[in-house]
Structures are given as C-alpha cells and as structure tokens.
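Below are the chains, spelled out letter by letter.
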Amino acid sequence: MIVGTAGHIDHGKTALLQALTGQRGDRRPAERARGITIDLGYLYADLGDGQLTGFIDVPGHERFVHNMLAGACGIDLLLLVVAADDGVMPQTREHLAIAELLGIRQALVVLSKVDRVDAARVQQVSEQVRDLLAPGPLAGAELLAVDSLSGQGIDTLRQHLLAFAAAQAARSAQGYFRLPIDRAFSVDGAGVVVTGTAFAGQVALADELLLSPSGRRVRVRGLHAQNRQTERAVAGQRVALNLAGERLTVEQLHRGDWLLAPALLAPSTRLDIELQLLASETRALAHWTPVHVHLAAQDVSGRVALLDTDSLAPGQSCLAQLVLNAPAHAVHGDRVVLRDQSAQRTLGGGQVLDPFAPARGRRSSPRLVQLQALRSASLEEALPALLQSAGNGLDPALLERQFNRQRDSWTLPSGLCELVTRQGTRLFDATQLQALREALVEGLRRFHAESPDELGPDRDRLRRYALSELERPVFIALLDEALAEGRISSSGPWLHLPDHRVQLGAEDEALRERLWPLLLAGGFDPPWVRDLAGAVQQDEASVRLLLRKLARLGLLHQVVKDLFYPEPTLHSLALHALTLEQQGGLRVIDWRDRIAVGRKRSIQLLEYFDRIGFTRRLATERRIRSDSALAVQLMGIKAEEGGSPSDIH
C-alpha cells in the first residue's frame, strides 16, 4: 500500500510520518534548515503486518504544489493532515481538490497538534473538516486526533492504516508495464537509478523498456520494490530501477518521463479529456485558456480547447482537448490536474478519454459521440458505440495502447468483423461493414449509369466517387475483397461490374460512323485528329475525346498523341512484324520498306509495340514476345489464313 500526505505548510505532515515510521522525510539539508518539505520524501515501514507500507511526504507550501502533484499520483490512501490550532487553510483545500481530481477515494483525516488546543477547538476544527469533505467523494472519512511529539493517537492511526492495508485489493498486473519517473539519480558502483510508482503491468530483471518521450532503449539490471531488493515488481508498488543503456546518463532523465513496455510508446501532444472545473473558481473557463497540465509526474504547459461548450462554469464538467507544448504519455482513465498559466492556482482536472486525439474534426458530432462512449470505464463497455461511430473501423493496436489492454484479454462483442488491410487489421461492426461493401458496388453501378461510354473508373477515382470518406488502405481492402469474390471486375486499370458493356451515346455513335471509314481508308498512315476534324467539320476537342473513348474500348490504338490506328489495322501491322521476324529479323529498315511509310512513323509504331509488350528491343533488331496476348492471337489468325498477313493498303 502507498500512503500519501496532504495538507497546508507546517501542519505536521513530516513529524506525523516520523512518529509512524521512526524516519525523517526531510532528508535534504535545505529542508532541514528551513523546516519545510521542499521535494518529495519517501519512507517505508512495517506497521505490524509484516509488509512494508510506502509513505510519500509531499510539500505543503504553495510554491511546491507541482512537487506535491508528482508524488500524489499512484497513492492508495490519502492522509489529510490539518493542524488543530490553524484549522482548514488554503493548501488544505487545494491538496484536497487535487486528491479528488486524481481519483483518490480513500482517506483518513489527521487532526495534528492537538496538544496546543483545548477540546472545544478540536471539535470546531473537526466540524470545519467535515464541512469541507461533505460535497466531495471523501465525505465521511474518519477523523483521528494525534500529537506526533508525544505519540498520542499514533497507535490508533497505525491500526487504521493496517485495516486499510488488509482491505486493500492488490492492483491488477495486467497490461503493459508503465511507470512515471519522479526521481533520477546516480549511485556509485551502480549507475543510473530511477524511482516511481508502477501504474500497470510488471517488470523483471533484464527486461528491456523504453523511455518516453525520447524512445531511448534501456535494460533493467537492478530492481527494488517497496524498498526491498527483488527480481520482479508489479503495479501499485514503489519501484527503484537500476538502468543500463548505451551512453545513458542521469542528465538524460527527467521527472515526468516514463518507463514503458515497448508496445506502449506513442507520445502525444493532444489528449481528449472529461474536464471538471473546481467550484471554488470565481469565473468560467474560456476556450483556449493557457494552463499547466500535470499528468502523473509530468508538468507541461498547453491550452484547453472546449469541445461541447464555449465556456465552462465553476463546478461544471465538459469534454475538452488538451493541446500540449511537449509530448506526453497517457492511457484511457489516467487523471490530469490543470493549474493556471502562472502555476499558482489549481483550476480543475479530469480523466483522459483518448490519448491520441485528432487535430481535425475534434468538435464534430461523430467525434463527440465517440468521446461520450469513452466515458465508460472499460474497453468492453465503450467498444460497441466506438464501432458504430468509426467510419474507417478501429485499429486494435491503437486500442491496446489507448486502454493498455493486450488483445488476448478483450471480451469482444457479437457482430464484430475484422478487415485485413495492407496496414494492419481494422475492426468493424458487421452491419456497418456490409453497408460499405454494398456502397462500393452501388457507387460503381451509379458511375456506369452516369458514364455509359466509359469502361469504368480506376481505383482512386472510384474511391472519390463511391466512398470518399474511407481511408485508402480500408478502401483498397474492400475493393480487393470485391474483386476476389467477382462482384467487381477489372480490365487493366479500369474497374467495372461484371456485366457492364460500354455504350456510346447517340451523338458519339453518329460521329463514330463518319470517322471510322476515314481511319480504315488511311491504312498504315491514318489521318491525324486535326485532319479528321476538318473532314467531318467538327471541332478537334470533340473528335479527340471520342477517339480516346474508342481507345478505352479497345477499338483504337493511340500510337502517339493525336494519331489513332483502328484495331484491324494494328493487327495487320502486327502480322507483318511477325512475318518479318520469321523471315530473318525485325529491323527498322526492313520494317519501313515492308509497310511503306516514313522512317519516323515506322519507329513510332515499333516503339508502341514495345510499350504494349508485343516486341522486345535488342541491339539492332526486335523480337516478338511469344508470351504476349497479341502474339498468341495472331499466330492463330496466321495459321487459319495460310501464313500470309492481310494487305489493306
């Protein structure tokens, strides 16, 4: 069990822990000289149950609240110390508010210095404390009067602590290991040592961990848990780790850094949270207010973006996004505390909902629906609603990091489907995934209805047309699935329904009938687009567009820009090429003489054959690729016609 003190400066927190443990928490010379706790003090004592209880002595001075926050994360029981002669003071209220914001739900109130006052004053301060606790989650916490110097009440306090320890359920060791570093120092003969309270998982000697946010790899070569040497430590324990790493020095480690299992490393500068503004605030919190964000042992500046309201009234809560000035590590359920820009006043805090918050669409309706679902305590409770609002599915690896839950521990809802993409698996609601499959086919059907003269769109055009909201890896996975199942077909890069046939419009068909005889009559030297347009008295753009449509249909071949050959003409040219190769070789000069066109045009035709895979260029000649579809087709034609290519010029 980890016990943390809280309370105003000079209310006797350090003296109380010394009376309980026989040890002093203010071990630094500056602390002893000034008589106050400046930084965190850690003590361990056996209260009588044979187990070591960890105590964290936190500073009470307002200037050192950031140190108090670093120690308050991860404690199991709060000791709220109130001096009987002073009563409730400003830091009493602030420390209590911080404890409540951090989700601490077990507390004992210690009325210290009772030797300085009479019974009436003790009763009066007790009433003050009860009134202070009444509105919050720690209402009803037991009050104990003690005198740390004489030992009055210390045994009673120790018995209450033992009772809490006995009832304290061990924290689950599930999840990946994570520990916020609150101290880093060097030990002679050992090297770098860091300490902190393990938030989750377990760690053992020789484990490899990563430092966040730097990503530096380190190895555990020494381990203490609850101040005892061990080979294994688990969540809920105070842990000291002796670390080894390449050129690792203590200057590279800072309070607020994390030690993480490698699977958890994903620093973020945007956290979506459920934000509670303290009722003690005198004015509403405005959108984009600059703040200090305390997350575990880290203190980082940033701003608050309110998501479902324009301003937040004192005592109220809302959804918000923290935009940080430095990367932080968090998982769902972590607690944050916000202080004002000057770090003088605690404003509020809340619970992390999504540590990987988006920069765009953060106030959109689908996103707010997701955040409402993330208010649930567990992944299983949130998952159905998350699936319903996740248009691109959910990344299970991201969910593992978000909730720190290995996938083999999930209890998945019925109706969940997996879609394997090139960038990993996505989880979908089965009904939603089926709707996407149908939308893909329906979008292609709609494209055919609107553009009957096109064979179909390519992949990216179909995505923009049918499912523009889908990420490309998800769309490609759906498309590959549809192609494999035969619901969609492809012809080269063009996608179409299996029964789709291209149809020209009435105007295009009429123009084709006028152009086609001119193209055939041109033989191996057909007219250019400009000549065709002049012959039929049409503008060049219309003629060019129609010829390109016919090329996509496979009726024409565009050899060079604005020069199109009909399919029969190209087949005849290919037969001539096949004959030349069989007669001794397909060389440019022989090819030019055989088809009786200029050298430039002859080379253009041969280069087109190279591009479509019919021929392969060697040093001084070309060879027919026997495995090309055109070669196989022509060999059959030549055999049927007795070996002579048709002559059409």
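What you are looking at is a predicted structure, and each value in this text was computed from that prediction instead of being measured.

For the protein, the helix and strand inventory stands at 19 helices and 32 strands. For the protein, whose C-alpha radius of gyration is 38 Å, the value lies well above the compact-globule estimate of 26 Å for 649 residues. Once the C-alpha set of the protein is aligned to its principal axes, its extents read approximately 125 × 55 × 45 Å. Taken over 649 residues, the protein has a buried fraction of 51%. Within the protein, residue pairs in contact and separated by at least 24 positions form 65% of the contacts whose partners lie at least 6 positions apart. Surface exposure of the protein reaches about 28,900 Å², of which carbon and sulfur atoms provide 47%. A distance of 5 Å separates the average location of the 73 positive side-chain charges in the protein from that of its 77 negative side-chain charges.

A separate point is the nonpolar core. Burial of nonpolar side chains together is a common tendency in soluble globular proteins. Judged by nonpolar contacts, the single largest core of 33 residues is most densely connected at Leu78, Leu80, Val109, Leu111, Val129 and Leu133. Contributions of two or more residues to this core are made by strand E1 (2-6), strand E2 (41-46), strand E4 (77-83), helix H4 (90-101), strand E5 (107-112) and helix H5 (119-133). Leave out the neighbours within four places in its chain, and Leu111 touches Val82, Val122, Val125, Ser126, Val129, Leu143, Leu144, Ala145 and Val146.

Turning to the pairing of strand E11 (residues 208-212), a few remarks are in order. Among the 5 residues that make up E11, 4 are buried, leaving the element largely enclosed by the rest of the structure. For E11 and strand E12 (residues 217-225), the ladder comprises 3 bridges, and the chain directions are antiparallel. The partner of Glu208 across the bridge, within E12, is Arg219. Hairpin geometry of E11 and E12 is characterised by an intervening segment of 4 residues between the two adjacent antiparallel strands and by a positive phi of about 80° at Gly215.

This part is about the sheet that holds strand E6 (residues 142-145). Read from one edge to the other, the open sheet built from 6 strands follows the order E2-E3-E1-E4-E5-E6, with strand pairing classed as mixed. At either margin of the open sheet sits one strand with a lone partner, and together these are E2 and E6. When strand polarity is set aside, the average angle formed by the axes of neighbouring strands in this sheet is 25°. Alignment of E1 against strand E3 (residues 52-57), held across 3 bridges, turns out to be parallel. When the bridges of E3 are listed, Val3 appears paired with Phe55. Along the sheet, helix H6 (residues 154-167) contacts E1, E3, E4, E5 and E6; its crossing angle with E5, the most-contacted strand, is approximately 170°.

The next thing to look at is helix H15 (residues 540-552). With 13 residues, H15 should reach 18 Å at 1.5 Å per residue; the first-to-last C-alpha distance of 18 Å fits that figure. Along H15, the residues that are buried comprise Val543, Arg544, Leu546, Leu547, Lys549 and Leu550. Contact partners of the buried residues in H15: helix H13 (506-521), helix H14 (529-536), strand E29 (556-560) and strand E30 (563-566). Two residues or fewer past H15, Gly554 is found with a positive phi of approximately 85°.

The next point concerns the packing of helix H10 (residues 430-450) against helix H11 (residues 459-466). Here H10 crosses H11 at 100°, and the two axes come no closer than 9 Å. The orientation of H10 with respect to H11, classified from their angle, is roughly perpendicular. Between H10 and H11, the residues in contact are Ala439, Leu440, Gly443, Leu444, Arg446, Phe447 and Glu450 and Arg461, Leu462, Tyr465 and Ala466, respectively. Of the residues assigned to the contact of H10 with H11, the class counts are 7 nonpolar, 1 polar and 3 charged.

A few words on the pattern of salt bridges. Under the defined criterion, the tally for this structure stands at 34 salt bridges. When the shortest N-O distance is used, the salt bridge between Asp480 and Arg422 registers 3.5 Å. Linking Asp480 in helix H12 (residues 472-485) with Arg422 in the loop between strand E25 (416-421) and strand E26 (424-429), this pair joins segments that are 58 residues apart in sequence. Notably, a salt bridge pairs Glu481 with Arg487, separated by 3.9 Å at the nearest N-O pair. Here the salt bridges share partners, and the residues they tie into one network are Arg437, Glu481, Glu485 and Arg487.

Attention now goes to the pairing of E30. Neither face of E30 is open: one carries Leu563 and Tyr565, the other Phe564 and Pro566, and all of them are buried. The pairing of E29 with E30 spans 4 bridges and is antiparallel. Looking at the pairing, His557 lines up with Tyr565 of E30. Counted along the chain from E29 to the antiparallel partner E30, the turn is 2 residues long, and its residue Asp562 has a positive phi close to 70°.

Mapped onto the elements of the fold, Gln370 is located in helix H7 (residues 365-374). If near-sequence neighbours (up to four positions away) are discounted, Gln370 is found in contact with Leu386, Ser389 and Ala390.

What follows deals with the packing of helix H16 (residues 567-582) against helix H17 (residues 588-595). Viewed as axis vectors pointing N to C, H16 and H17 meet at an angle of 130°, and their least axial separation amounts to 11 Å. In terms of axis orientation, H16 runs oblique to H17. Crossing angle aside, the handedness with which H16 passes H17 is right-handed. Within the contact between the two elements, H16 uses Leu573, His576, Ala577, Thr579 and Leu580 and H17 uses Asp590, Trp591, Arg594 and Ile595. Looking at the contact of H16 with H17 residue by residue, the class counts come to 5 nonpolar, 2 polar and 2 charged.

A separate point is the side chain of Thr346. Within the secondary structure layout, Thr346 lies in strand E24 (residues 346-354). In this structure the side chain of Thr346 is engaged in a polar contact, spanning 3.3 Å, whose partner is the side chain of Arg339. Filtering out sequence-adjacent residues up to four positions away, Thr346 remains in contact with Glu94, Ile98, Leu101, Leu278, Glu281, Val337, Leu338 and Arg339.

Secondary-structure assignment places Leu101 in helix H4. With 234 residues separating them in the primary sequence, Leu101 and Arg335 have C-alpha atoms 7.1 Å apart. Ignoring any residue separated from it by four or fewer positions in sequence, one finds Leu101 in contact with Gln276, Leu278, Arg335, Val337, Thr346, Gly348, Gly349 and Gly350.

Moving on, we come to H17. Among all positions in H17, only Val588, Trp591 and Ile595 are buried. The buried residues of H17 occupy an angular sector of 65° when the element is viewed end-on, so they sit on one face. Contact partners of the buried residues in H17: H16, helix H18 (599-611) and strand E32 (622-624). Two residues or fewer after H17 comes Ala596, characterised by a positive phi angle close to 60°.

Rules used throughout
Residues numbered from 1 in each chain as written. Predicted model: local features only at pLDDT ≥ 70, side-chain atom pairs only at ≥ 80, totals over all residues. Heavy atoms only, no water. Helix = DSSP H or I, 4+ residues; strand = E, 2+ residues; numbered from the N terminus. Rg over C-alpha atoms; globule rule 2.2 N^0.38 Å. Buried < 20%, exposed > 50% of the residue type's maximum accessible area, 1.4 Å probe, protein only. Contact = heavy atoms within 4.5 Å. Areas by Shrake-Rupley, 256 points an atom, 1.4 Å probe, with all protein chains shown as cover. Lys, Arg positive; Asp, Glu negative; His and termini not counted. Charge placed at Lys NZ, Arg CZ, Asp CG, Glu CD. Core = buried A, V, L, I, M, F, W, Y, C linked by side-chain atoms within 4.5 Å. Pairing = 2+ DSSP bridges. Axes fitted to C-alpha atoms, helices over the stretch in contact; angles between N-to-C directions. Expected span 1.5 Å × (residues − 1). Parallel < 35°, antiparallel > 145°, perpendicular 65-115°, else oblique. Nonpolar A, V, L, I, M, F, W, Y, C, P; charged D, E, K, R; others polar. Salt bridge = Lys/Arg side-chain N within 4 Å of Asp/Glu carboxyl O. Left-handed = near helix turned anticlockwise from the far one by under 90°. Polar contact = N/O pair within 3.5 Å; in protein donor to acceptor, adjacent residues only side chain to side chain. Arc of directions from axis to C-beta.

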